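One letter stands for each residue in the lines below.
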Amino acid sequence: MNKAVLFSDFTIITSNDDGNVSVLEHGYCVVSEDKICYVGTSSEDASKVASEISDEQNDVYEGKNKILCPTFANAHAHMPMSIFRNIADDFALNDWLFGEIIPREDKMIEEDFRFGHLLSIAEMIESGTACAANMYDGAKITTKASVEAGFRVQQTIMGKKCVDGKWSTDAKDVEDFNAFCRDLNSDLITRSLLVHSVYLYPEHLYPSLAELAKAYDLPVSVHISETLTELKNCMDQYGCSPVEKLNSANLLSDTTVAAHCVHLSDADRAILSEKGVWIAHNPSSNMKLASGFADTQAMEKMNMRLCLGTDGAASNNNQDMFMEMRLAAFMAKGSTLDPTVLPASRVFHMATRNGYLACGFSDCGIIETGMKADIQIIDYDCPQMWPLGNPISALVYSCGPKCVESVMINGKFVLYKHELTTLDKEKIFASTKKTMERLK
Ligand SMILES: [Zn+2]
């Protein structure tokens, strides 16, 4: 028989669909199977709900000096790239990508994709992330690994392939991956179509990519205006910006996730706002690769839909959403000389509810009855978080991965009191070390 988990006497913080973040002191939460069944302040009501689920003794998780809040959804990552962590740093993006990364990627074997992906999952879970958009090749290997680890992923399908030196799109690839996902029969997976960027995807593919996205109801995942070089080359080649180019090709919609968006004009922002495109803001990666500062203040003024991403661990060099929240807030304030831009609650909402929506999981990211149970427990009984003060400020400005005590995804603990329950970390470390030595 199914047992419930009763979270007892926590500070519960949640994003809400109106964009606000609320705090419930002395809160109780009950989870059964994959869903949240109760949230409130009544110990009696919570116990009653739990006992109605099972006659057996239910599991009780005590909440003294602990926060219960939604897990993070990382809206832009290249997960297997964790195998390239710390091997090619302090390069400009073009030199880094074409000179250092792609030649190594060409030598990757199946095991590298699998264990690099699992390494990222381990890192993400331990830092409170339960969901990520994985823009990378090896979709079947990584999707299977995600499901085995109990981790939510929006997986991109490669939108193009090369035969005899000619690039084309192929609906069969999409159908094949769709069938593979159907067989896996997991609600941890959503899909998207990769249109990497205007600089890696040739113009002649755009009409068929737009058709594929429409025919198979796939969101488009794309990098937009990450660097001034990308913008300049696009202007030289097409006489318009990457946003304008993709928009004219019908590749932008309210399910599109556009990473970076560092160099936008007012006209670009108007298009992205009007189309309802999700903007995956990547502050760490943009600063480390010296791509620039995305103008989130201008985006907010245009009511653009913002979420957060870490980018790959090769260009960050970690996948810590606490750091992205802090940097997003600090970058916005420091670059505009306005400390009111991107307040803590806004950044928390971007990292949680908005990230889940961007990744296609509409029933996650809010601690509310009926929502999927994607939950993290933060222990604030530590010098870094003490005294707690405003708990939302504490999460965004003080907290870090070591305060993450437990993570539940889809109603299952994948981290329980600092122990990963679905992953063999020693095996992942051994395999990825071997890979790094082979590819360095
Ligand atoms: Zn990227």
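Quantities reported herein were computed from a predicted structural model and do not represent experimental measurements.

A.B. asks: Talk me through the overall build of the protein; I want residue IDs and the actual numbers.
C.D. replies: Each helix and strand counted, the protein has 15 helices and 19 strands in total. Its C-alpha atoms give the protein a radius of gyration of 21 Å, near enough to 22 Å, the size a compact globule of 440 residues would have. Viewed in the frame of its principal axes, the protein has a C-alpha envelope of about 65 × 50 × 40 Å. Across the 440 residues of the protein, 52% fall into the buried class. The contacts in the protein between residues at least 6 apart in sequence include a share of 73% that link residues at least 24 apart.

A.B. asks: Account for the nonpolar core, naming residues and giving values.
C.D. replies: Ranked by internal contacts, the top residues of the largest apolar core, which has 138 residues, are Cys29 and Ala258. Element by element, the count of residues in this core is highest for helix H12 (residues 321–336), at 8 residues. Both of domain 1 (4–70 + 367–420) and domain 2 (73–358) provide at least three residues apiece to this core.

A.B. asks: Explain the environment of proline 103 residue by residue, including any values.
C.D. replies: Locating proline 103 in the fold gives a position in helix H2 (residues 93–105). Of the residues examined, proline 103 has 10 C-beta atoms within 10 Å and is grouped as exposed. The spatial distance from the C-alpha of proline 103 to the C-alpha of glutamate 300 is 38 Å, given a sequence separation of 197 residues.

A.B. asks: Just give me the short version of helix H6 (residues 206–215), but keep the residues and values in it.
C.D. replies: Within the span of H6, buried status applies to Tyr206, Leu209, Ala210, Leu212 and Ala213. Along H6, the residues classed as buried sweep out an arc of 160° about the axis, all on the same side. Exposed side chains of H6 directed beyond 90 degrees from the buried face belong to Lys214 and Ala215. In the core, the buried residues of H6 are packed alongside helix H5 (171–184), strand S11 (189–194) and strand S12 (220–224). Looking one or two places after H6, you find aspartate 217, whose phi comes out positive at around 55°.

A.B. asks: With reference to specific residues and values, describe the domain arrangement of the protein.
C.D. replies: Partitioning the protein into structural domains gives domain 1 (4–70 + 367–420) and domain 2 (73–358). The interface is formed by 23 residues belonging to domain 1 together with 23 residues belonging to domain 2. Counting residues per element, the ones that place at least two in the side of domain 1 that touches domain 2 are helix H14 (391–398), strand S17 (404–409) and strand S18 (412–416). Per-element accounting of the side of domain 1 that touches domain 2 gives the leading share, 5 residues, to H14. For the side of domain 1 that touches domain 2, the class distribution of residues is 14 nonpolar, 7 polar and 2 charged.

A.B. asks: Just give me the short version of the packing of H12 against helix H13 (residues 344–358), but keep the residues and values in it.
C.D. replies: The contact between H12 and H13 brings their axes to 10 Å, and the two run at 135°. The angle between H12 and H13 falls in the class oblique. When you trace H12 past H13, the crossing you get is right-handed. Two secondary-structure elements touch here, H12 through Met321, Glu324, Met325, Ala328 and Ala329 and H13 through Ala344, Val347, Phe348 and Ala351. Class assignment of the residues belonging to the contact of H12 with H13 gives a composition of 8 nonpolar, no polar and 1 charged.

A.B. asks: So what about the packing of helix H3 (residues 110–126) against helix H4 (residues 139–149)? Which residues, and what values?
C.D. replies: At a closest axis distance of 9 Å, the pairing of H3 and H4 adopts a crossing angle of 40°. Judged by the angle between their axes, H3 and H4 are oblique. Considering how the two elements wind past one another, H3 and H4 form a crossing that is right-handed. Every residue of H4 that contacts H3 at Glu110, Phe113, Arg114, His117, Leu118 and Ile121 is listed here: Ile141, Thr142, Ala145, Ser146 and Ala149. Of the residues in the contact of H3 with H4, the class split is 6 nonpolar, 3 polar and 2 charged.

A.B. asks: Please give an account of the environment of alanine 298 that cites residues and values.
C.D. replies: By the element assignment, alanine 298 lies in helix H11 (residues 296–301). With 82 residues separating them along the chain, alanine 298 and tyrosine 216 place their C-alpha atoms 33 Å apart.

A.B. asks: So what about the pairing of S11? Which residues, and what values?
C.D. replies: Among the 6 residues in S11, 5 count as buried, and that is most of the element. In this structure, strand S8 (residues 152–158) lies alongside S11, joined through 6 bridges in parallel fashion. Each bridged residue has a counterpart across the sheet, and for threonine 156 the counterpart in S11 is serine 192. Taken together, the 2 bridges between S11 and S12 define a ladder with parallel strand orientation. Bridging across to S12, leucine 194 finds its partner in serine 221.

A.B. asks: Summarise H13; cite the residues concerned and give the values.
C.D. replies: Side chains three or four residues apart in an α-helix point the same way, a direct result of the helix having 3.6 residues per turn. Look at H13: 20 Å from first C-alpha to last across 15 residues, which is about the 21 Å you get at 1.5 Å a residue. Along H13, the helix axis deviates most sharply at methionine 350, where the bend reaches about 35°. Taken across its 15 residues, H13 has 14 buried, putting it largely inside the fold.

A.B. asks: Just give me the short version of the pairing of strand S7 (residues 129–134), but keep the residues and values in it.
C.D. replies: Taking burial as the measure, the 6 residues of S7 include 6 buried ones, the bulk of the element. The pairing of strand S6 (residues 72–77) with S7 spans 4 bridges and is parallel. What sits directly across from alanine 77, in S7, is asparagine 134. The pairing of S7 with S8 spans 4 bridges and is classified as parallel.

A.B. asks: Account for unusual backbone geometry, naming residues and giving values.
C.D. replies: Here asparagine 316 and asparagine 317 are connected by a cis peptide whose omega angle stands at 5°. Residue placement: asparagine 317 occurs in the loop between strand S15 (305–308) and H12. For the bond running from tryptophan 386 to proline 387, omega is -10°, close enough to zero to count as cis. With respect to the helices and strands, the residue proline 387 is situated in the loop between strand S16 (375–379) and H14. A positive phi angle, close to 50°, is found at aspartate 164, a residue other than glycine. Assignment of secondary structure puts aspartate 164 in the loop between strand S9 (161–163) and strand S10 (166–168). The class for aspartate 164 is exposed, based on 4 C-beta atoms found within 10 Å. Even without a glycine there, the phi angle at alanine 290 is positive, about 55°.

Rules used in this analysis
Residues numbered from 1 in each chain as written. Predicted model: local features only at pLDDT ≥ 70, side-chain atom pairs only at ≥ 80, totals over all residues. Helix = DSSP H or I, 4+ residues; strand = E, 2+ residues; numbered from the N terminus. Rg over C-alpha atoms; globule rule 2.2 N^0.38 Å. Buried ≥ 20, exposed ≤ 12 C-beta atoms within 10 Å, placed from the backbone. Contact = placed C-beta atoms within 7 Å. Core = buried A, V, L, I, M, F, W, Y, C linked by C-beta atoms within 7 Å. Domains from an automatic or database assignment. Arc of directions from axis to C-beta. Nonpolar A, V, L, I, M, F, W, Y, C, P; charged D, E, K, R; others polar. Axes fitted to C-alpha atoms, helices over the stretch in contact; angles between N-to-C directions. Parallel < 35°, antiparallel > 145°, perpendicular 65-115°, else oblique. Left-handed = near helix turned anticlockwise from the far one by under 90°. Pairing = 2+ DSSP bridges. Expected span 1.5 Å × (residues − 1). Bend = angle between axes of the 7 residues up to and from the residue.

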